[in-house]
Amino acid sequence: MDYRILRWLGVEIKDVVSDGNPRESSPFINSGAATSADKSLQYDGKNMALFEEEMDTSPMVSSLLSSLANYTNLPTGSKEHEEAENNEEGARPSKKPLGTLMGVYLPCIQNIFGVILFLRMTWMVGVGGVFGSFIIVFMCCSTTMLTAISMSAIATNGVVPAGGSYYMISRSLGPEFGGAVGICFYLGTTFAGAMYILGCIEILLIYIIPQAAIFKIEGLEGPEAELALLNNMRVYGTIVLSFMSLVVFVGVKYVNKLALLFLACVILSIVAVYAGVIKTAMDPPVFPVCLLGNRTLLSKGYDVCAKVVETDNETVTTQLWRTFCDSDSLDATCDEYFTSNNVTEIQGIPGVTSGILAENLFGNYLEKGMFLEKRRVASEESADSPPTGANRYVMADITSFFTLLVGIYFPSVTGIMAGSNRSGDLRDAQKSIPIGTIAAITTTSIVYMSTVVLFGACIEGVVLRDKFGEGVNGNLVIGTLAWPSPWVIVFGSFFSTCGAGLQSLTGAPRLLQAIARDGIIPFLRVFGHGKDNGEPTWALLLTGCICEIGIIIASLDAVAPILSMFFLMCYMFVNLACALQTLLRTPNWRPRFKFYHWALSFLGMSLCLSLMFICSWFYAIIAMGIATCIYKYIEFCGAEKEWGDGIRGISLSAARFALMRLEEGPPHTKNWRPQILVLVSVDAEQNVEQPRLLSLANQLKAGKGLTIVGTSVQGTFLDNYAEAQKSLRKLMETEKVKGFPQVVISSNLRDGTSHLIQVGGLGGLKHNTVMVSWPRNWKQPECHQQFRNFIEVVRETTIASLALLVPKNISSYPSNGERFTEGHIDVWWIVHDGGMLMLLPFLLRQHKVWRKCKMRIFTVAQMDDNSIQMKKDLITFLYHLRIDAAVEVVEMHDGDISAYTYEKTLVMEQRSQILKQMHLTKNEKEREVILTVRLIHGRTASSTPASPTSPASPTDGAERGQTGANPEAVTCRPVDVRRMHTAMRLNEVITKKSKEAKLVLLNMPGPPKNRVGNENYMEFLEVLTEGLNRVLLVRGGGREVITIYS
């Protein structure tokens, strides 16, 4: 390959690689950063000389296929950080890719089974009943199953890198939805860490080492005991959170190595529960529960479940007697309920064959402070005597109801994203993710549903409702059922919750880091940084702080509904993403997983939304509010990303539908709004010459609608188009104009502008108004073509029935940052234009620049008009239009045309003659110059001004006759004199009334039908607007644009 070509290629490659634009990780075009020398060696001698200039953008098929085959995109999760830490210690052999079992199924099992199963499942069955609990479990498991089906479709539609659900949602629904739901998923994962830590502390302080409590609960009752428990949870929770954060900070590899141990604890605990259920059928364990009447007694309040016992033929009172009576003597004064009811002992685990299922079938919801009572047991209670000795009975610690149970239970079915988060580590992600995830959900759903039935069939109802096992010697209720010992469940659940907490503190910072590195939320960018190996230090710090909020709440039952909201919102948008992609039928939607349908996704989305409000309407509104705020923040302040998301597909479909509807007919007057085509000109460097035109267009857009910023550039398409398009876009961003740039390249500016007016817009969404700046230096000979082009624009808009706005002195118009604190917008309504003059100032006053200006409307009355009646009619008209404006009728009487008017008309004619010479032959120019000089000399020497009735003197006629010139060459035609007279009179009145106005709007006269009087037309407009600072000339489009009707 030629050295010059190589050098040129090197420059081009450098430009491509270092342009600074972020790109998606892709194995396709421009994914490598090869040097020019590498490129030349790669393509040299391969018969590709014909395509060598396109190699940068169109690689060879062989290199493309090689890139595809070797494409890997590992998630920026725990794997890389572990490998980075291992690399510091020395080279390690690369790990083999994971299969379905180790890569998806077991991680999902570990994440789904959690603290709720061990600490709250039995309580939920006891309070909600087997039937109600089964409904809750079925709803939640169905929601996750439908979400897993949708997630499988999305995950098998390409590679899912780091971020899991965040990545899937953001690439399917766009950065706004992705960022909002990603933050919600992050908050859910963070609060899940708090919930697992609280569960860990609850197991430690209540079931393993109760003596370790810093705030002693013994002897306290009611709110004091509850507060002491919560304070213990806060202190120990903060300690455990600090320790776990330190472990994650020191090295995530230790967390990953312990993951298998934690998983083994979970599986062993569940197996122990099923083994215990089988054992109850043959030999139920002995866990007696003592009842007084039908109330459950605290096990620490008695040594023997009896009031008195016989010892050596002597009746002796027990500890229970001393608890309810004022002394241990038989004649002591005792609690009335204690005296009236008998003490009975029942079996806490009667066994699966006992028939207790029928008693536990329906719910028994409790108010806070109510006694746990056994059904179908007689109890004598005096209505007059208040309950005493509340610390002697097992009581409900919270008020329970169905929706609370849903909120507390739902976190136990989350964790279904564990497989998709590891897609980079899988041998075949598109096969493993659907199979592993759905199999894990099926397994856990079977376990949950079966345990609901088995708990109800094996355990006594009062024991099920005993949340902390206070009636069974402080044992974990599910542990009482386990075999061979309750400690299997206690220690298994303890290590399980520790592992789940570590996993949450490991995953949440990496999710936040993935969001921060995407750059869609500017204020989170600092959390994208970390240690040299990529460890998200700052993200871990924020996660620990947010997690501490959950620790301060201190109640597992209060934290669980919070994270339920965030997970449900995340799952809802996963279902929405799948439904959207399926209904839109985008060409890129080709999932390998085929067992999905938009109706299933829609059902899953509806279930998620319903469960959010079932759990807690208050938390649901807060979660949606957080997501909405993040969405709007990303929309206005976030980085613009093009990820080919479904929202763009919706926009395209909606735009097509709307355009087809617009084709059905023109819009009603009530829906009319200015769809503006702004015609701007660019200089030699492709910079816009009138940037304030865009400011004015932006200030008019209170009525919304379409804005097209168009320019015509003379030259060739290859040389000029890209630069002009870039210049327009940059200016539109600066002026905050929401619209579309359109550049037309033509051999001459006149044709290009005409093409813009003709073909701008699409279908029914076309411009109905053209805005063009007044040609400022039109009188100068070099600008002769400029004002001719302007007049042609006026003619073309008239023929096309388009409204026309011509701002004069555009450089003096305010920018978008300026403010008028006072002043007037004056409308001079001379001829009816369909209401444009009324509508435009109303739209302007919606903008902050013009908001403080008041509106005045002037109209002109002739001699035969009743000015008083005109004013009344105009006030009535404005009242019906709902426009607030002052009204004034200006009377203009017919007056004689002054000599000055005639002289000004003559000078105008003379200028026209001079301009015509630019297009004459050499002989014609000489002849016309001689004639013009003589005429001007004769006019100046004459001492008597000509009258309108005899505009030309005999001397002039003689001279014209002698030279043989055209009689109309410098003759002031009566029609021109009248027009000049009108322009001067109107200008005099307008200047008198509106000299200090911030803006003057007035009707723009139409252009002459023939092109002979173009120069005169410009002169008339110049005279009409002379002495006014800001003038907006307006021509209507031939239709009504404002109406008095609703």
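Residue indices begin from 1 for each chain and proceed along its sequence in written order. Local features in this predicted model are restricted to residues whose pLDDT is 70 or higher, and side-chain atom pairs enter the listing and the counts only when it is 80 or higher, whereas totals over whole chains, interfaces and linings include all residues. Hydrogens and waters are ignored; side-chain quantities use all the structure's heavy atoms.

As recorded by an unreviewed UniProt entry, the chain carries the name Solute carrier family 12 member 5b and is attributed to Gasterosteus aculeatus aculeatus. For the record of the chain, the UniProt heading Subcellular location (unreviewed entry) holds the text "Cell membrane". UniProt positions are given in the numbering used here, feature names are shortened, and annotations may be inferred rather than shown by experiment. In its Catalytic activity (unreviewed entry) section, the UniProt entry covering the chain states "K(+)(in) + chloride(in) = K(+)(out) + chloride(out)".

A.B. asks: How should I be thinking about the packing of aromatic side chains in this particular structure?
C.D. replies: Aromatic rings considered in pairs are described by the distance between their centres and by the relative angle of their planes. Aromatic rings from Phe, Tyr and Trp, taking only the six-membered ring of Trp, are treated as a pair when their centres fall within 6.5 Å; an angle between ring planes under 30 degrees marks them as stacked, one over 60 as edge-to-face, and anything in between as tilted. Taken as a whole and assessed by the stated rule, the structure comprises 23 aromatic pairs. Residues Phe324 and Phe338 carry aromatic rings whose centres are separated by 4.8 Å and whose planes lie at 10° to one another, so their mutual orientation is stacked. In this pair, Phe324 is assigned in helix H12 (residues 319–324) and Phe338 in helix H13 (residues 336–340), connecting sequence segments 14 residues apart. Each member of the pair, Phe324 as well as Phe338, carries the same accessibility label: buried. Considering the side-chain rings of Trp487 and Phe491, the 5.6 Å spacing of their centres and the 35° angle between planes classify their relative orientation as tilted. In this description a helix means any DSSP run of H or I spanning at least four residues, a strand means any run of E spanning at least two, and both kinds are numbered starting from the N terminus. Burial classification: accessible surface area is computed with a 1.4 Å probe over protein chains only, and a residue below 20% of its type maximum counts as buried, one above 50% as exposed, and the rest as partly exposed.

A.B. asks: So what exactly am I meant to see when it comes to helix H27 (residues 784–799) here?
C.D. replies: Structurally, the α-helix is built with 3.6 residues per turn, so residues lying three or four positions apart point the same way. For H27, built from 16 residues, the straight-helix expectation of 22 Å at 1.5 Å per residue is met to within 8% by its first-to-last C-alpha distance of 23 Å. Taken together, the buried positions of H27 are occupied by His784, Phe787, Asn789, Phe790, Ile791, Glu792, Val793, Val794, Arg795 and Thr797. Once H27 ends, the next one or two residues include Ser801, with phi positive near 55°. Take the residue count of a helix, subtract one, and multiply by 1.5 Å to get its expected span.

A.B. asks: I'm lost on the packing of helix H9 (residues 175–208) against helix H22 (residues 617–637) in this one. Help?
C.D. replies: Each pair of packed helices can be described by the angle between their axes along with the distance between the axes. For the pair H9 and H22, the least separation of the axes is 8 Å and the interaxial angle reads 140°. When the interaxial angle is binned, H9 and H22 end up oblique. The interaxial crossing formed by H9 with H22 has right-handed handedness. When H9 is examined against H22, the residues Pro175, Glu176, Phe177, Gly179, Ala180, Ile183 and Cys184 are found in contact with a partner set consisting of Ala623, Ala627, Ile630, Tyr631, Ile634 and Glu635. Residue classes follow a fixed rule: Ala, Val, Leu, Ile, Met, Phe, Trp, Tyr, Cys and Pro count as nonpolar, while Asp, Glu, Lys and Arg count as charged, and any other residue, Gly among them, counts as polar. Per-class residue counts for the contact of H9 with H22 are 10 nonpolar, 1 polar and 2 charged. The convention used is that axes are lines fitted to C-alpha atoms, helices contributing only their stretch in contact, and that angles between N-to-C directions extend from 0 to 180 degrees. Here the angle decides the label: under 35 degrees means roughly parallel, over 145 means roughly antiparallel, 65 to 115 means roughly perpendicular, and every other value means oblique. Crossing handedness follows the turn of the near helix against the far one: under a right angle anticlockwise gives a left-handed crossing, and clockwise gives a right-handed one. What makes two residues a contact is simply this: any of their non-hydrogen atoms within 4.5 Å.

A.B. asks: Is there a simple way to explain the sheet that holds strand S6 (residues 676–680) in this structure?
C.D. replies: In sheet architecture, strand pairing relies on hydrogen bonds along the backbone and comes in two forms, parallel and antiparallel. Paired strands, as defined in this entry, are two strands with at least two bridges between them according to DSSP. Taken together, the 10 strands give an open sheet; going across it, the order is S8-S7-S6-S9-S10-S15-S14-S11-S12-S13, and neighbouring strands pair in mixed fashion. At either margin of the open sheet sits one strand with a lone partner, and together these are strand S8 (740–746) and strand S13 (886–891). With strand direction ignored, the average angle separating the axes of adjacent strands in the sheet is 20°. In the sheet, strand S9 (residues 769–772) pairs with strand S10 (residues 803–808) via 3 bridges, with the strands oriented parallel. The partner of Thr769 across the bridge, within S10, is Ala803. In the packing of helix H29 (residues 867–880) onto the sheet, the strands contacted are strand S11 (824–829), strand S12 (854–861) and S13, and the crossing angle to S13 comes to about 150°.

A.B. asks: Quick question: what am I supposed to make of the state of the cysteines here?
C.D. replies: Structurally, a disulfide amounts to a covalent bond that connects the sulfur atoms of two cysteines. Cysteine sulfur atoms that pair up within 2.5 Å are treated as a disulfide. According to the stated counting rule, one finds 2 disulfides in the structure shown. Disulfide pairing is shown between Cys290 and Cys305; the S-S distance is 2.0 Å. As the torsion about the S-S bond is roughly 85°, the Cys290-Cys305 disulfide counts as right-handed. Highlighted residues: Cys290 in strand S1 (residues 288–292) and Cys305 in the loop between strand S2 (295–296) and strand S3 (308–311), separated in sequence by 15 residues. In this structure, Cys290 and Cys305 share a single accessibility class: buried. A sulfur-sulfur distance of 1.7 Å marks the disulfide that ties Cys325 to Cys334. The sign of the S-S torsion, about 105°, decides the handedness of the disulfide formed by Cys325 and Cys334: right-handed.

A.B. asks: Explain the nonpolar core here, please?
C.D. replies: Here is a general trend for soluble globular proteins: nonpolar side chains tend to be buried in one another's company. Ranked by internal contacts, the top residues of the largest apolar core, which has 157 residues, are Met121, Val137, Met195, Tyr409, Tyr448, Phe455 and Ile459. Looking at this core, the element that brings in the most residues is H9, giving 20 residues. Sequence-distant contacts of Ile459, defined by excluding residues within four places in its chain, comprise Thr122, Gly348, Ile349, Pro350, Ile356, Asn360, Leu464, Val477 and Leu481. We define the nonpolar core as a collection of buried residues of types Ala, Val, Leu, Ile, Met, Phe, Trp, Tyr and Cys that are connected through side-chain atoms lying within 4.5 Å of one another. By size, the runner-up hydrophobic cluster in this structure holds 52 residues, among which are Val737, Val827, Leu837 and Val1041.

A.B. asks: Can you help me understand the environment of Ile551 in this one?
C.D. replies: Position of Ile551 relative to the elements: it lies in helix H19 (residues 537–553). In the structure, Ile551 is positioned 313 residues away from Thr238 in sequence and 6.8 Å away in space, judged by C-alpha atoms. Not counting chain neighbours up to four residues away, the residues in contact with Ile551 comprise Ala194, Ile197, Leu198, Met233, Arg234, Gly237, Thr238 and Leu241.

A.B. asks: Could you clarify how one ought to interpret a positive patch on the surface in this entry?
C.D. replies: A contiguous patch of positive charge, built from Lys736, Arg819, Lys848, Arg851 and Lys852, is present on the exposed surface. By the secondary structure assignment, Arg819 is in the loop between S10 and S11. A residue is classified by how much of its surface remains accessible, and Arg819, at 43% relative accessible area, is partly exposed. Residues enter a patch when their relative accessible area is above 30% and they make no salt bridge; the linking distance is 9 Å between like charges and 5 Å between nonpolar side chains (Val, Leu, Ile, Met, Phe, Trp, Tyr). Using the Shrake-Rupley algorithm and a 1.4 Å probe, accessible areas are obtained, with residue cover drawn only from the displayed protein chains. By convention in these notes, a salt bridge is any Lys or Arg side-chain nitrogen within 4 Å of a carboxyl oxygen on Asp or Glu. Under this rule, positive means Lys or Arg and negative means Asp or Glu; His and the chain ends count for nothing. Where a charge lies is defined by one atom per residue type, namely NZ (Lys), CZ (Arg), CG (Asp) and CD (Glu).

A.B. asks: Teacher, can you tell me more about the packing of helix H7 (residues 121–155) against helix H14 (residues 402–409) here?
C.D. replies: Running from N to C, H7 and H14 cross one another at 70°; their axes reach a closest spacing of 9 Å. Taken together, the axes of H7 and H14 lie roughly perpendicular to each other. Every pair of crossing elements has a handedness; the one defined by H7 and H14 is right-handed. For the pair H7 and H14, the contacting residues are Met121, Trp123, Met124, Val127, Gly128, Gly132, Ile135, Ile136, Val137, Met139, Cys140 and Cys141 in the first and Phe402, Leu405, Val406, Ile408 and Tyr409 in the second. A per-class count over the contact of H7 with H14 returns 15 nonpolar, 2 polar and no charged.

A.B. asks: For this particular structure, what's the right way to read the sheet that holds S1?
C.D. replies: Reading across the sheet, the 3 strands line up as S2-S1-S5 and stay open at both edges, with antiparallel pairing between neighbours. Strands with a single pairing partner mark the edges of an open sheet, and in this sheet they are S2 and strand S5 (343–347).

A.B. asks: Would you mind going over the environment of Leu563 with me for this structure?
C.D. replies: As for its position among the elements, Leu563 is in helix H20 (residues 556–584). Once the C-alpha coordinates of Leu563 and Ile408 are considered, the two residues, 155 residues apart in sequence, prove to be 9.4 Å apart. Leaving out residues up to four positions away in the same chain, Leu563 has contacts with Gly188, Phe191, Ala192, Met195 and Pro411.

A.B. asks: Help me understand the pairing of strand S7 (residues 707–714), please; the structure alone is not making it clear to me.
C.D. replies: On any regular strand, side chains alternate: one points to one face of the sheet, the next to the other face. The buried fraction of S7 amounts to 7 of the 8 residues, a majority that puts the element mostly inside the structure. In terms of strand pairing, S6 meets S7 through 5 bridges, oriented parallel. Bridging across to S7, Val678 finds its partner in Val709. In the sheet, S7 pairs with S8 via 7 bridges, with the strands oriented parallel. Across the sheet, the residue bridging to Val709 is Pro741, located in S8. Note on handedness: a crossover is taken as right-handed if, strands pointing away from the viewer, the path from the first strand over the helix to the second is clockwise. Crossover connection from S7 via helix H25 (residues 717–734) to parallel S8: handedness right-handed.

A.B. asks: Would you explain unusual backbone geometry in this entry?
C.D. replies: A cis geometry characterises the amide bond from Trp483 onward to Pro484, with omega recorded as 15°. Tracing the chain through its elements places Pro484 in the loop between helix H17 (477–481) and helix H18 (486–518). At Ala554, a residue that is not glycine, the phi angle is positive and equals roughly 75°. Assignment of secondary structure puts Ala554 in the loop between H19 and H20. Phi at Asn809 takes a positive value of approximately 55°, unusual for a residue other than glycine. With respect to the secondary-structure elements, Asn809 resides in the loop between S10 and S11. Taking the relative accessible area as the measure of exposure, Asn809 reaches 32% and is therefore partly exposed.

A.B. asks: How should I be thinking about the environment of Phe494 in this particular structure?
C.D. replies: Tracing the chain through its elements places Phe494 in helix H18. For the pair Phe494 and Val266, spaced 228 residues apart in sequence, the C-alpha to C-alpha distance is 9.6 Å. Those residues in contact with Phe494 that sit more than four places away from it in its chain are Cys200, Ile203, Leu204, Ile208 and Ile489.

A.B. asks: Whenever I open this one, the side chain of Asn294 confuses me. Can you help?
C.D. replies: Position of Asn294 relative to the elements: it lies in the loop between S1 and S2. N or O atoms closer than or at 3.5 Å make up a polar contact, with two conditions inside protein: a donor-capable atom paired with an acceptor-capable one, and, for residues adjacent in sequence, both atoms drawn from side chains. Polar side-chain contacts of Asn294 include one of 3.3 Å to the side chain of Tyr337. Here Asn294 is in contact with Tyr337, Leu372, Glu373, Lys374, Val377, Ala378 and Ser379, once residues within four sequence places are set aside.

A.B. asks: What is the right way to look at the pattern of salt bridges in this model?
C.D. replies: Once the charged atoms of two side chains with opposite charge are near each other, the side chains can pair. Counted by the stated rule, this structure contains 13 salt bridges. Glu202 serves as the salt-bridge partner of Arg120, at 3.0 Å between the closest nitrogen and oxygen. On the criterion of sequence distance, the pair formed by Arg120 in the loop between helix H6 (115–119) and H7 and Glu202 in helix H9 is long-range, its members being 82 residues apart. The residues Arg120 and Glu202 share a single accessibility class, namely buried. Each of Arg120, Glu202, Asp397, Lys467 and Asp557 takes part in a single network of salt bridges with overlapping partners.

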